[in-house]
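# Tertiary structure, described
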Amino acid sequence: MTEAIRVGVLGCAEIARRRMLPAFARSPAFEVAAIASRDPGRGAATAGPYGARALPGYARLIEDGDVDAVYIPLPAALHARWAEAALRAGKHVLAEKPLTTDPEVTAELYALAHARGLALMENVMFVHHGQHARVRRLVEDGAIGEPRSFQATFTVPRRPLDDIRYRPELGGGALWDTGVYPVRAAQHLLGADLTVVGAVATAAPGFGVDTAGAALLRRAGDGACVHLSYGLDHGYRSTYEVSGSTGRLTLDMAFTPAADHVPVVRLHDRTGARELTLDREDQVANTVAAFAEAVHRHGVPPEVEQATLDQAKLLREIVRSAAPAPAFRD
């Protein structure tokens, strides 16, 4: 495919309007072709700046012959249904994380994508930022000795009470929204041989979903300990730390850095403490470029698919291990 990839978007979610649509529009690999919405006025307002067509309803976009790829920023519980529909209609798919809330369903979608020769990609953007590759190289090169533990936190402030993140029937909750990030970071830096030792989930008063959680994991072989925390009712925090036998590495603004953010890796070792300043990167643009590459090659690289499958299994383990915890007080 040498012409621009005509992408259609299901819905007018905030992440689509603020992040992904501008990135698609800036990319020479894509043309924003259509926006589907159940609200005609909102759909038209979202489509207008991009010269895209506003379509009434998701099914219309799926059936549209002038759309090559579909971006799905819908609530988590709707991802599987519409990803399957798009793949069966012969369209490449980029779906927000988590791709689904069930590892078996995730595997079935990848099998369908393979059978149709189509790209299916989960939109975990932070893994496309070079700061994490730099941290991983430092760890692999022995900058902190043998890894002993990993800690990661991603928490965000409370949103309006009618936000979809608080609706259980739509796959809401802290684990699916913010917990995916530290889980994937642990995999990204320590590998796939992680098992869940225990987990807790907490619901703030009046909420029907978990608004906070934590999980303890262990790496097979060396027993390295992994502690993850996440939440939807907190001060903003986006950080991780890898501790080793001779030092530790810390990265702030780990998961959602702005394009103009200058990453700083803080290294503490036997010689003292120092800061490693890295180059700015736009992880949203990098993600869009990775999706374009997947479309051209008719599938994501095997290691990317496997990471998504491994992540889905870990998330299910955390759900099954989570023990009820007392609710926060207002």
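In what follows, the structure referred to is the one given above.
Below you will find a few notes about this structure. Worth saying up front: this structure is predicted, and the values here are computed from it rather than measured. (Residues numbered from 1 in each chain as written. Predicted model: local features only at pLDDT ≥ 70, side-chain atom pairs only at ≥ 80, totals over all residues. Heavy atoms only, no water.)

## Structural notes on the overall build of the chain
Assigned secondary structure in the chain consists of nine helices and 15 strands. Across its three principal directions, the C-alpha atoms of the chain cover 60 × 45 × 35 Å. Buried residues in the chain amount to 53% of all 330 residues. Put simply, 66% of the contacts in the chain that link residues at least 6 apart link residues at least 24 apart. Of the roughly 14500 Å² that the chain leaves accessible, carbon and sulfur atoms contribute 50%. Separation of charge centres in the chain, based on 36 positive and 39 negative side chains, amounts to 2 Å. (Helix = DSSP H or I, 4+ residues; strand = E, 2+ residues; numbered from the N terminus. Buried < 20%, exposed > 50% of the residue type's maximum accessible area, 1.4 Å probe, protein only. Contact = heavy atoms within 4.5 Å. Areas by Shrake-Rupley, 256 points an atom, 1.4 Å probe, with all protein chains shown as cover. Lys, Arg positive; Asp, Glu negative; His and termini not counted. Charge placed at Lys NZ, Arg CZ, Asp CG, Glu CD.)

## Re the layout of surface pockets
The space that makes up the second largest pocket amounts to roughly 550 Å³. Taken together, 27 residues form the lining of the second largest pocket, with Val127, Arg184, His188, Glu303 and Val304 sitting closest to its centre. Among the elements of the structure, β6 (120-123), α6 (130-140), α7 (174-190), α8 (283-296) and α9 (302-321) are those that each provide at least two residues to the lining of the second largest pocket. Its residues assigned to classes, the lining of the second largest pocket shows 13 nonpolar, seven polar and seven charged. (1 Å grid on protein atoms, 1.4 Å probe; cavity = no way out; pocket = protein on both sides within 12 Å on 5 of 7 lines; lining within 4 Å. Points joined across faces, edges and corners; volume = space filled by probe spheres on them. Nonpolar A, V, L, I, M, F, W, Y, C, P; charged D, E, K, R; others polar.)

## Section: the packing of α7 against α9
Orientation of α7 relative to α9, taken along the N-to-C sense of each, is 120°, at an axis distance of 10 Å. Judged on the interaxial angle alone, α9 and α7 are oblique. When the axes of α7 and α9 are compared, the crossing they make is right-handed. Residues Leu175, Trp176, Val180, Val183, Arg184 and Gln187 of α7 form the contact with α9, whose own contacting residues are Val304, Ala307, Thr308, Asp310, Gln311, Leu314, Leu315, Ile318 and Val319. A per-class count over the contact of α7 with α9 returns 10 nonpolar, three polar and two charged. (Axes fitted to C-alpha atoms, helices over the stretch in contact; angles between N-to-C directions. Parallel < 35°, antiparallel > 145°, perpendicular 65-115°, else oblique. Left-handed = near helix turned anticlockwise from the far one by under 90°.)

## Quick look at unusual backbone geometry
Backbone torsion omega between lysine 97 and proline 98 reads -10°, so that peptide bond is classified as cis. Locating proline 98 in the fold gives a position in the loop between β5 (92-96) and α5 (103-116). Unusually for a residue other than glycine, histidine 298 sits at a positive phi of about 60°. As for its placement among the helices and strands, histidine 298 is situated in the loop between α8 and α9. Since its relative accessible area comes to 47%, histidine 298 is described here as partly exposed.

## Some details on the sheet that holds strand β2 (residues 30-37)
With respect to topology, six strands assemble into an open sheet ordered β3-β2-β1-β4-β5-β6, the strand pairing being parallel. Lying at the two open borders of the sheet, with one neighbouring strand each, are β3 (53-56) and β6. Put simply, the sheet's adjacent strands are angled 25° from each other on average, direction ignored. Both strand β4 (residues 69-72) and β5 contribute to a ladder of four bridges, which runs parallel. (Pairing = 2+ DSSP bridges.)

## Points about the packing of aromatic side chains
Under the defined criterion, the tally for this structure stands at 13 aromatic pairs. Aromatic pair phenylalanine 150 and tyrosine 240: ring centres 5.5 Å apart, planes at 40°, arrangement tilted. In this pair, phenylalanine 150 is assigned in strand β7 (residues 147-155) and tyrosine 240 in strand β11 (residues 237-244), connecting sequence segments 90 residues apart. For the pair shown, phenylalanine 150 and tyrosine 240 are each scored as buried. Connected via pairs of aromatic rings, a cluster forms that spans Phe126, Phe150, Phe154, Tyr181, Tyr236, Tyr240 and Phe255. (Phe/Tyr/Trp six-rings, centres within 6.5 Å; stacked < 30°, edge-to-face > 60°.)

## Quick look at the pattern of salt bridges
One pass over the structure, following the stated rule, counts 20 salt bridges. In this structure, the salt-bridge partner of arginine 53 is aspartate 64, at a minimum N-O distance of 2.7 Å. In this pair, arginine 53 sits in strand β3 while aspartate 64 sits in the loop between α3 (58-63) and β4, placing the two residues 11 residues apart along the sequence. Notably, a salt bridge pairs arginine 165 with aspartate 177, separated by 3.4 Å at the nearest N-O pair. Remark: aspartate 177 occurs in helix α7 and arginine 165 occurs in the loop between β7 and α7; sequence separation between them is 12 residues. The class for arginine 165 is partly exposed, based on a relative accessible area of 23%. Accessibility expressed as a relative area gives 19% for aspartate 177, which makes it buried. Where salt bridges share partners, they join Glu14, Arg18, Lys97, Arg159, Asp163, Arg165 and Asp177 into one cluster. (Salt bridge = Lys/Arg side-chain N within 4 Å of Asp/Glu carboxyl O.)

## Observations regarding the nonpolar core
Counting 54 residues, the largest nonpolar core has Leu10, Phe24, Phe30 and Ile72 as the members making the most contacts within it. Residues Val124, Val135, Trp176 and Leu315 belong to the second largest nonpolar core, which totals 47 residues. (Core = buried A, V, L, I, M, F, W, Y, C linked by side-chain atoms within 4.5 Å.)

## Re empty space enclosed by the protein
Scanning the entire structure with this criterion turns up three cavities of 30 Å³ or more. As a volume, the largest cavity reaches approximately 40 Å³. What lines the largest cavity is Tyr110, Ala113, His114, Leu118, Leu120, Gly299, Val300 and Glu305. For the lining of the largest cavity, the element with the highest residue contribution is α5, accounting for three residues. Grouping the amino acids of the lining of the largest cavity by side-chain chemistry returns five nonpolar, two polar and one charged.

Just distances and angles here, no functional claims.
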